[in-house]
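The chain contents come next:
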Amino acid sequence: SSKTFWTTTGMFPQELIIGFPKCVKISKVAIQCYLVRTLRIERSTSKDPVGFEQCVEKDLQHTEGQLQMEEFPLPEFQATYLRFIIKSAFDHFVSVHRVMAEGT
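Each chain carries its own residue numbering, running from 1 in the direction its sequence is written. Confidence filtering applies because this is a predicted model: local features only for residues at pLDDT of at least 70, side-chain atom pairs given and counted only at 80 or more, and all residues used for totals across whole chains, interfaces and linings. Working from all heavy atoms in the structure, the side-chain values ignore hydrogens and water.

Caption draft 1: Summary view of the environment of T38. Helix numbering and strand numbering both begin at the N terminus, where a helix is a DSSP run of H or I of at least 4 residues and a strand a DSSP run of E of at least 2. The topology assignment puts T38 in strand β3 (residues 36-44). Among the residues examined, T38 registers a relative accessible area of 9% and is labelled buried. Between the alpha carbons of T38 and K87 there is a distance of 5.3 Å; along the sequence they are 49 residues apart. With residues near it in sequence (within four places) discarded, T38 still touches E57, K58, D59, I85, I86, K87 and S88. In terms of polar contacts, T38 uses its side chain to reach the side chain of D59, at 2.6 Å. Among the polar contacts made by the side chain of T38, one reaches the side chain of S88 at a distance of 3.0 Å. Think of it in three bands: residues with accessible area under 20% of the maximum for their type are buried, residues over 50% are exposed, and the middle band is partly exposed, with areas taken using a 1.4 Å probe on protein chains only. In this description, contact between two residues means that some pair of their heavy atoms is separated by no more than 4.5 Å. Pairs of N or O atoms are called polar contacts if they sit within 3.5 Å, as long as, within protein, a hydrogen donor faces a hydrogen acceptor (for residues adjacent in sequence, only side-chain-to-side-chain pairs).

Right, dumping it as structure tokens:
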């Protein structure tokens, strides 16, 4: 829902884990967030959310008063879980409004 979002508790790093019902192939991840400075995306192919490996880390542009919309084209890889680690922010609190993963 575009009317809901996840917000941090004010300390960093913060993490958000998304699980899929089974292992899937992912070619692109997109995120809409607010006030995120540094974001890392990791993946796990395990049955449980363990054994994560880094996929990408990026410093995002500050967009005053607007949502940040970032796309991460990734080589096709398999994942059962995606972990989003917000390493730093432009303010004390940030929010994540939407996460999208494309693939099969």
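Caption draft 2: Spotlight on the pattern of salt bridges. Basic side-chain nitrogens of Lys or Arg form a salt bridge, by our definition, when they fall within 4 Å of a carboxyl oxygen of Asp or Glu. Applying the stated criterion across every chain yields a total of 9 salt bridges. A salt bridge links K28 to E71, with the shortest nitrogen-to-oxygen separation between them at 3.5 Å. Taken together, the positions of K28 in strand β2 (residues 14-34) and E71 in strand β5 (residues 68-89) put the pair 43 residues apart, joining distant regions of the chain. Note that E53 and R43 form a salt bridge whose closest N and O atoms lie 2.7 Å from each other. Here E53, found in strand β4 (residues 53-59), pairs with R43, found in strand β3; they are 10 residues apart in sequence, far enough to count as distant. By relative accessible area, which is 41% here, E53 ends up partly exposed. One network of salt bridges, with partners in common, ties together E15, R40, E42, E57, R83 and K87.

Caption draft 3: Highlighting the sheet that holds β2. Read across the sheet, 6 strands follow the order β1-β6-β2-β5-β3-β4 without closing on themselves; strand pairing throughout is antiparallel. If you trace the sheet from one side to the other, it starts and ends with β1 (6-7) and β4, each paired once. Two strands pair when backbone bridges link them, and β3 and β4 are joined in this way by 6 bridges, in the antiparallel orientation. Pairing of E42 across the sheet is with Q54, part of β4. Strands are treated as partners if at least two bridges between them are detected by DSSP.

Caption draft 4: Examining the environment of H97 more closely. If you trace the backbone, H97 turns up in strand β6 (residues 95-103). It is 7.7 Å that separates the C-alpha atoms of H97 and I31, two residues lying 66 residues apart in sequence. Beyond its immediate sequence surroundings of up to four residues, H97 is in contact with T4, F5, Q32, C33, Y34 and L67. At 2.8 Å, the side chain of H97 and the side chain of S95 are in polar contact.

Caption draft 5: Expanded view of the state of the cysteines. Disulfide: a pair of cysteine sulfur atoms within 2.5 Å of each other. A full pass over the atoms with the stated rule returns 0 disulfides. Between C23, a cysteine without a disulfide, and C55, which holds the nearest cysteine sulfur, the sulfur-to-sulfur distance is 12 Å. Distance from the sulfur of C33, which forms no disulfide, to the nearest cysteine sulfur (C55) is 17 Å.

Just geometry here; none of it tells us what the structure is for.
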